[in-house]
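# Geometric and topological summary
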Amino acid sequence: MRLAEQIEGDWEAALAALAWQYDCGVDEPVGDVALDRYGLPELVRPAAAPVTAPTERAKAPPPVQIAETPKIDPVAEARHAAALAKSLEALRDCLEHFDHCDLKKGARNTVFADGNPKARVLVLGEAPGRDEDLEGRPFVGRAGQLLDQMFAAIGLSRSSPDAESALYITNVMPWRPPGNRDPEDSEIAMMRPFVERHISLVDPEVIVVMGNTPLMALTGHRGIMRARGRWAEAHGRPLLPMTHPAYLLRNPLAKREAWADLLTLQARLRG
Ligand code: URA
């Protein structure tokens with residue numbers, strides 16, 4: 001006799017049989033007759049309503065409009081934010097609140113600037129390295145020490161209170177790129193409005209760019225080895241490209257040319 005026949009009419013026996021099957025691992029009921037599930041909607045479809053002219057209420061509702069999230073243009077955001085900064089403090093604050101650059105997520109500090117904002121010379125570097133990221137000041141590692149020595153050789157220092165002999169130092173990128181990789185063009189483009197605003201707030205007489213990243217940010221092209229030592233112009237100011245001090249640490253022979261570039265700068269400042 002089949003199980004179904006044994007328990008017919010006896011709900012306690014039916015429940016016990018179900019529990020027993022469940023204990024045996026049966027977790028899915030299978031019918032005796034194959035069921036065409038593809039055909040099922042046809043079976044359960046309600047009887048067709050008589051065809052009448054659709055009233056306003058019976059008409060299909062209008063399709064739901066899903067608003068597209070507006071795409072953010074980080075360069076436009078940067079331009080807008082930078083234009084609002086009316087002082088160096090405001091610009092620093094504005095960078096600290098700018099969240100469109102992914103480099104910021106991996107950085108410990110926003111490295112803004114160092115030196116005397118009244119300086120005649122503004123030095124623009126690339127991006128903070130490990131030491132700068134830890135300390136929150138630009139050019140404090142080995143390359144920074146060489147940079148200080150180089151400019152000291154022509155009488156300029158970031159700690160000078162006298163505008164004549166002072167330096168103001170900042171970078172294109174205020175956040176350290178992972179593994180000290182070069183900043184990407186998109187990252188440079190995003191920071192360009194801040195750099196331009198920074199320059200106009202400090203209003204230096206001369207800009208010195210150290211390496212390819214600041215050359216790219218201010219002139220739109222790379223090629224520091226060809227450009228170094230030759231006066232160019234950016235934002236209506238004289239601009240002197242120089243090789244980066246980190247490059248000079250790796251290639252000490254290139255210090256000769258860097259010295260020539262420093263003398264070019266000194267001659268210009270002496271008028
Ligand atoms: N290199 C740079 O270009 N900037 C720094 O601040 C440190 C190293």
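Look above for the structure.
Predicted model only: the values in this text are computed from it and were never measured. (Residues numbered from 1 in each chain as written. Predicted model: local features only at pLDDT ≥ 70, side-chain atom pairs only at ≥ 80, totals over all residues. Heavy atoms only, no water.)

Among the five residues in strand β3 (residues 167-171), five count as buried, and that is most of the element. Of the two faces of β3, the one holding Leu167, Ile169 and Asn171 and the one holding Tyr168 and Thr170 are both buried throughout. Sheet analysis places strand β1 (residues 113-115) next to β3, joined by three bridges and oriented antiparallel. Bridge pairing links Gly115 to Tyr168 in β3. The pairing of strand β2 (residues 121-125) with β3 spans five bridges and is parallel. Paired with Leu124 across the two strands is Thr170, which belongs to β3. (Buried < 20%, exposed > 50% of the residue type's maximum accessible area, 1.4 Å probe, protein only. Helix = DSSP H or I, 4+ residues; strand = E, 2+ residues; numbered from the N terminus. Pairing = 2+ DSSP bridges.)

All residues adjacent to the ligand are Gly125, Glu126, Ala127, Glu132, Pro138, Phe139, Asn171 and His244. Here a nitrogen atom of the ligand and a backbone polar atom of Ala127 are 3.1 Å apart. Phe139 has a polar backbone atom sitting 2.9 Å from an oxygen atom of the ligand. For the ligand, whose unbound accessible area comes to 230 Å², protein coverage reaches 92%. Cavity membership is defined here by more than half of the atoms lying within 2 Å of grid points; on that basis the ligand lies in the largest pocket. When its residues are assigned to classes, the shell around the ligand shows three nonpolar, three polar and two charged. (Near = heavy atom within 4 Å. Polar contact = N/O pair within 3.5 Å; in protein donor to acceptor, adjacent residues only side chain to side chain. Areas by Shrake-Rupley, 256 points an atom, 1.4 Å probe, with all protein chains shown as cover. 1 Å grid on protein atoms, 1.4 Å probe; cavity = no way out; pocket = protein on both sides within 12 Å on 5 of 7 lines; lining within 4 Å. Sits in = over half its atoms within 2 Å of the grid points. Nonpolar A, V, L, I, M, F, W, Y, C, P; charged D, E, K, R; others polar.)

A separate point is unusual backbone geometry. Phi at Asn180 is positive, roughly 60°, even though this residue is not glycine. Positive phi, normally seen in glycine, also occurs at His235, with a value near 55°. Inspection of the secondary structure assignment puts His235 in the loop between β5 (232-234) and β6 (237-242). Of the residues examined, His235 reaches a relative accessible area of 41% and is grouped as partly exposed.

Before going further, it helps to examine the environment of Pro177. With respect to the element layout, Pro177 can be found in the loop between β3 and α9 (185-202). As for Pro177 and Pro128, which are separated by 49 residues in sequence, their C-alpha atoms are 7.7 Å apart. Look past the residues within four positions of Pro177 in its chain and what remains in contact with it is Leu103, Ala127, Pro128 and Pro183. (Contact = heavy atoms within 4.5 Å.)

With that settled, the discussion passes to the pairing of strand β4 (residues 206-210). Regular strands show a simple pattern: their side chains alternate between the two faces of the sheet. Counting buried positions over the five residues of β4 gives five, a clear majority of the element. Because side chains alternate across β4, one face comprises the buried residues Val206, Val208 and Met210, and the other comprises Ile207 and Val209, equally buried. For β2 and β4, the ladder comprises four bridges, and the chain directions are parallel. Note that in β4 the partner of Leu122 across the bridge is Ile207.

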